[in-house]
Amino acid sequence: MERSRKVYGLAAEFANATALYNAAEKVRDAGFRKWDVHTPFPVHGMDKAMGLGKSWLSAVVLCGGTLGLLTAVVLECYPSLFDYPVVVHGKPTTFMTVPAFMPIFFELTVLFSAFSTVFALLIMNQLPRWNHPMFNWERFAKVTDDGFFLVIEARDPKFSETKTRELLEQIGGQHVTLVHD
Amino acid sequence: MANHTATLDSDAAAVKRVPLIINDRKANWVTDNISTIVEAKTPIWWWVAFCITAPIALFGCFCIAYQISTGVGVWGENHPVGWAWDITNFVFWIGIGHAGTLISAILFLTRQKWRTSINRASEAMTLFAVVCAGIFPGIHVGRVWMVWFLAPVPWYNGIWPNFRSPLLWDVFAVSTYFTVSVLFWYTGLVPDLATLRDRAKSRVKKFFFTVFALGWRGSNRQWRHYEMAYLILAGLSTPLVLSVHSVVSFDFATSVIPGWHATIFPPYFVAGAIFGGFAMVLTILIPARLLYPQLYDVITQQHVEKMAKIILLTGSIVGYAYAMEFFVAWYGANPYEQWAFLRNRLADPYIIGPALHVQPAPYWWAYWSMITCNVIAPQLFWKKSWRRNTLIVFIVCNFVNAGMWFERFVIIVTSISRDFIPSSWHLYHPSWVEIWTFIGTFGIFLSLFLLFMRFLPMIAMSEVKIVLPEADPHHNAPDAHVGVEAHH
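Cut-offs applied
- Residues numbered from 1 in each chain as written.
- Chains lettered and ligands numbered in written order.
- Predicted model: local features only at pLDDT ≥ 70, side-chain atom pairs only at ≥ 80, totals over all residues.
- Heavy atoms only, no water.
- Helix = DSSP H or I, 4+ residues; strand = E, 2+ residues; numbered from the N terminus.
- Rg over C-alpha atoms; globule rule 2.2 N^0.38 Å.
- Buried < 20%, exposed > 50% of the residue type's maximum accessible area, 1.4 Å probe, protein only.
- Contact = heavy atoms within 4.5 Å.
- Areas by Shrake-Rupley, 256 points an atom, 1.4 Å probe, with all protein chains shown as cover.
- Lys, Arg positive; Asp, Glu negative; His and termini not counted.
- Charge placed at Lys NZ, Arg CZ, Asp CG, Glu CD.
- Buried area = accessible area lost by both parts, 1.4 Å probe.
- Salt bridge = Lys/Arg side-chain N within 4 Å of Asp/Glu carboxyl O.
- Polar contact = N/O pair within 3.5 Å; in protein donor to acceptor, adjacent residues only side chain to side chain.
- Nonpolar A, V, L, I, M, F, W, Y, C, P; charged D, E, K, R; others polar.
- Axes fitted to C-alpha atoms, helices over the stretch in contact; angles between N-to-C directions.
- Parallel < 35°, antiparallel > 145°, perpendicular 65-115°, else oblique.
- Left-handed = near helix turned anticlockwise from the far one by under 90°.
- Phe/Tyr/Trp six-rings, centres within 6.5 Å; stacked < 30°, edge-to-face > 60°.
- Lys NZ or Arg CZ within 6 Å of the ring centre and 35° of its normal.
- 1 Å grid on protein atoms, 1.4 Å probe; cavity = no way out; pocket = protein on both sides within 12 Å on 5 of 7 lines; lining within 4 Å.
- Points joined across faces, edges and corners; volume = space filled by probe spheres on them.
- Pairing = 2+ DSSP bridges.
- Patch = residues over 30% accessible without salt bridge, like charges linked within 9 Å, V, L, I, M, F, W, Y side chains within 5 Å.

Asks: If you had to explain the overall build of chain A to someone new, which residues and values would you point to?
Replies: Across its full length, chain A holds 5 helices and 4 strands. Mapped in sequence order, the helices and strands of chain A form the string β-α-β-α-α-α-β-α-β. In terms of overall size, chain A is more extended than a compact globule, its C-alpha atoms giving a radius of gyration of 25 Å where 181 residues would be expected to give roughly 16 Å. Looking at chain A residue by residue over its 181 residues, the buried ones come to 51%. Sequence separation of 24 or more characterises 77% of the internal contacts of chain A that already satisfy a separation of 6 or more. Carbon and sulfur atoms make up 61% of the accessible area of chain A, which totals about 9000 Å². In chain A, 17 side chains carry a positive charge and 18 a negative one; their mean positions are 5 Å apart.

Here you go:
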């Protein structure tokens, strides 16, 4: 590329989940904010090691599920009780029949919840995306196999090409590399 | 200190659990050996198998087209047997579709980590079974172009569907189940598609996997939401999977037909679905393991044994339900109910019929096939060496597959062929169209599964890696930093 490429961050590879876990604790304690670890599978306890709280994705799902329930209530009750009650087999069409609407209340609650789970997951993870600076580093292809990586982004206020590199090497990082956009 | 540690280690060895993935495999081994299934050249056996299943599927599609273009008269159905093989096959396939979501959801919530080896293939099997199931209610309505009446839209005269009907509940239950199963399956696939993306050599494959992996990069800030999403989908699917077959059973239980009108139906159907579903999972995975020997380390004898135990448990629940139906028919003192059970099902021409001085039931052979396959055959699994014997497990599972089909046939056809008024009694025989439509759905099911094996990772790699000892951040040596030097 002609123009000088912007630095995305400094990335390092670690030997295994334990090494990465310990390193994450040290980066967290050093006060960095814009950083991340990349692993082939979710590492148990890594959220705590990174100082991350509980995901609030569940709140979105609660809203989605409630919307699903309300949709089902309106969808079933309005036509069947008010708009055009149809008498089938001489059975009543009063409010007493609401229990017969419950299965669809349940199904639509689940359906809307599931869709909101998946869409919230995509939006909160900023996916789908075609590319990412980390993919420019050829070693990073191992992340979906058995590679464990830690990256500190250049936009972090504490980032410094020399000092951050020293820190990464000190906490056991291998192949410390400057990743460009 | 060293001695003390050694003692602890040997004590730990004495009570050590058998590892889920055997032969001390590492994450890299999992990636290589599972991805190879997709990446390698198409094996000869695959073409042979596909050349058998695909024509069967196509002939099934021809039968469907013939039935739609000619009318439901090409089937053997009559009055009063308006539901026969079509609904039998629907309930059979939808039941098989229960194991996948049970494995992915309920076993996830109950922290049964062995599920990781089998969940992907079982979920795929679920989807394909639901595809096969969905065909039957669609075509049995006769005028397929009127199927949209089932959708909640006001049609030309402003009348909405009857939301109080179990048949409409079924439309919602099955379509929700299929949709949520697809979402759950795809969410689980994303990290593995990213693995295939990062390994892809050809441009076409790279493009395909880049699109479908959605740019996944395994960041922990992503995993955090991903794990929550997975937990929620499991939590949602758990009541969903229990509800689907309950709603299917309402189609029967809310009617007044003797033999259908039973309060035990929802739990009985759900247990039967899990039972039949696990049998089909084993029926598919045992040959898959033979064809890809590396799977023996992932789907171990332990997995087969655990599934055999679930089959034993659910088979016994099903047996209990059969017995309880008879008890309630007798204890409920409803003569029609008693008549249906004794004279339409139980009474055989050799032992029970003559002993009770009743005419043999016309479908007694279906009833006793069901009992043999569903209640007696799985009892072999009480013996440990038998449930650890792959051949015995495979044979029993195929008995269960047949038995679960007979169960639905017994429930549906024996109940309606002879109900309240003897003048309307009519026996039922399937036509060749019905038979071949059913065989055709096996072709569709197996063809889809073969395609899945060929193009997508059939083992959830990222999930299997979690159960490896090395995945635990407290497992590896504390002086891992030294290990880093040695590693590279």
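Asks: Can you tell me about the interface of chain A and chain B, naming the residues and giving the values?
Replies: Listed per partner, the contact involves 77 residues of chain A and 67 residues of chain B. Together chain A and chain B conceal approximately 6400 Å² of surface at their shared face, both sides included; 66% is due to carbon and sulfur atoms. The largest per-residue losses of area from chain A upon contact with chain B belong to A:Pro42, A:Glu107 and A:Thr144, which jointly make up 10% of the total buried on that side. Remark: the boundary between chain A and chain B carries 0 salt bridges. Linking chain A with chain B are 26 residue pairs in polar contact (both at pLDDT 80 or more). When residues of the side of chain A that touches chain B are traced back to their parent elements, those giving at least two are helix H1 (17-29), strand E2 (35-38), helix H2 (46-49), helix H3 (57-83), helix H4 (102-124) and strand E4 (174-180) of chain A. Counting residues per element, the side of chain A that touches chain B draws most heavily on H4(A), at 15 residues. Classifying every residue of the side of chain A that touches chain B by side-chain character gives 44 nonpolar, 19 polar and 14 charged.

Asks: Residue-level account of the packing of helix H9 (residues 220-253) of chain B against helix H10 (residues 265-291) of chain B, with values.
Replies: Residue and element names in this part refer to chain B. The geometry of H9 relative to H10 is characterised by a closest axis approach of 8 Å and an angle of 125 degrees between their N-to-C directions. Between H9 and H10, the angle is such that the two are oblique. Note on packing geometry: the crossing formed by H9 with H10 is right-handed. Counting all contacts with H9, which are made through Leu-242, His-245, Ser-246, Val-248, Ser-249, Phe-250, Phe-252 and Ala-253, the residues of H10 involved are Phe-265, Pro-266, Phe-269, Val-270 and Ala-273. Of the residues in the contact of H9 with H10, the class split is 10 nonpolar, 3 polar and no charged.

Asks: Lay out the packing of aromatic side chains in plain terms, naming residues and giving numbers.
Replies: Residue and element names in this part refer to chain B. Inspection of every chain in the model, using the stated rule, returns 59 aromatic pairs over all chains. Between Phe-208 and Phe-212, the ring centres sit 4.9 Å apart and the planes meet at 50 degrees, which makes this aromatic pair tilted. In this pair, Phe-208 and Phe-212 are both assigned in helix H8 (residues 203-212), 4 residues apart and thus about one turn of the helix distant. For Phe-208, a relative accessible area of 38% puts it in the partly exposed group. With a relative accessible area of 36%, Phe-212 lands in the partly exposed category. Ring geometry for Trp-216 and Trp-223: centres 4.9 Å apart, planes at 80 degrees, overall edge-to-face. Neither Trp-216 nor Trp-223 differs from the other in exposure class; each is buried. Positioned above the aromatic ring of Phe-341, the side-chain terminus of Arg-345 is 4.7 Å from the ring centre. Looking at Arg-418, its charged tip hangs above the ring of Trp-425, at a distance of 4.8 Å from the centre.

Asks: Describe in detail empty space enclosed by the protein, supporting the description with residues and values.
Replies: Evaluated as defined, the whole model comprises 4 cavities of 30 Å³ or more. Lining the largest cavity are A:Pro79, A:Ser80, A:Tyr84, A:Pro85, A:Val86, B:Ile159, B:Trp160, B:Pro161, B:Asn162, B:Phe163 and B:Arg164. Residues that form the lining of the largest cavity fall into these classes: 8 nonpolar, 2 polar and 1 charged.

Asks: Any details on the pairing of E2(A)? Residues and values, ideally.
Replies: All names here are of chain A. Taking every second residue as pointing to the same face, both faces of E2 are buried, with Trp-35 and Val-37 on one and Asp-36 and His-38 on the other. Here E2 runs beside strand E3 (residues 148-153); their pairing, made up of 4 bridges, is antiparallel. Bridge assignment links Trp-35 to a residue of E3, and that residue is Ile-152.

Asks: With reference to specific residues and values, describe the sheet that holds strand E1 (residues 7-14) of chain A.
Replies: All names here are of chain A. In spatial order, the strands read E2-E3-E1-E4; together these 4 strands make up an open sheet with antiparallel pairing. In this open sheet, the two strands that pair with only one neighbour each are E2 and E4. Taking the axes of each pair of neighbouring strands and ignoring which way they run, one obtains an average angle of 20 degrees across the sheet. Sheet strands touched by helix H5 (residues 161-170): E1, E3 and E4. Its angle to E1, the strand with the most contacts, is close to 15 degrees.

Asks: Run through a nonpolar patch on the surface, naming residues and quoting values.
Replies: Residues and elements named next belong to chain A. Together, Leu-69, Val-73, Val-74, Tyr-78, Phe-82 and Phe-95 make up an exposed nonpolar region whose accessible area comes to about 600 Å². Summarising the element assignment, Val-74 is placed in helix H3. Classification of Val-74 by relative accessible area gives exposed; the value is 56%.

Asks: Got a sec to walk through the layout of surface pockets? Specific residues and values, please.
Replies: Within this model, the largest pocket holds a volume of roughly 1800 Å³. Lining the largest pocket are 45 residues, with A:His44, B:Arg111, B:Lys113, B:Ile466 and B:Val467 positioned closest to its centre. Elements with a contribution of two residues or more to the lining of the largest pocket: H2 of chain A together with helix H5 (98-109), H9, helix H11 (301-331) and helix H18 (461-466) of chain B. No other element matches the 8 residues that H9(B) contributes to the lining of the largest pocket. Residue composition of the lining of the largest pocket, by class: 22 nonpolar, 9 polar and 14 charged.

Asks: Just give me the short version of the pattern of salt bridges, but keep the residues and values in it.
Replies: Under the definition given, this model contains 16 salt bridges over all chains. The partner of A:Lys142 in a salt bridge is A:Glu13, and the shortest N-O contact between them spans 2.9 Å. Here A:Lys142, found in the loop between H4 and E3, pairs with A:Glu13, found in strand E1; they are 129 residues apart in sequence, far enough to count as distant. Its relative accessible area of 25% is what places A:Lys142 among the partly exposed residues. Owing to a relative accessible area of 1%, A:Glu13 belongs among the buried residues under this scheme. The salt bridge involving B:Asp198 is made with B:Arg197; its shortest N-O contact spans 2.9 Å. The two residues B:Asp198 and B:Arg197 agree in class, both being buried. What emerges from the salt-bridge pattern is a single network uniting A:Glu13, A:Arg139 and A:Lys142.

Asks: Tell me about the side chain of B:Arg197, and please be specific about residues and values.
Replies: Assignment of secondary structure puts B:Arg197 in helix H7 (residues 166-199). Given the relative accessible area of 4%, B:Arg197 is considered buried. In contact with B:Arg197, other than residues within four places in its own chain, are A:Phe135, A:Thr144, B:Lys206, B:Phe209, B:Thr210, B:Ala213, B:Gly215 and B:Trp216.

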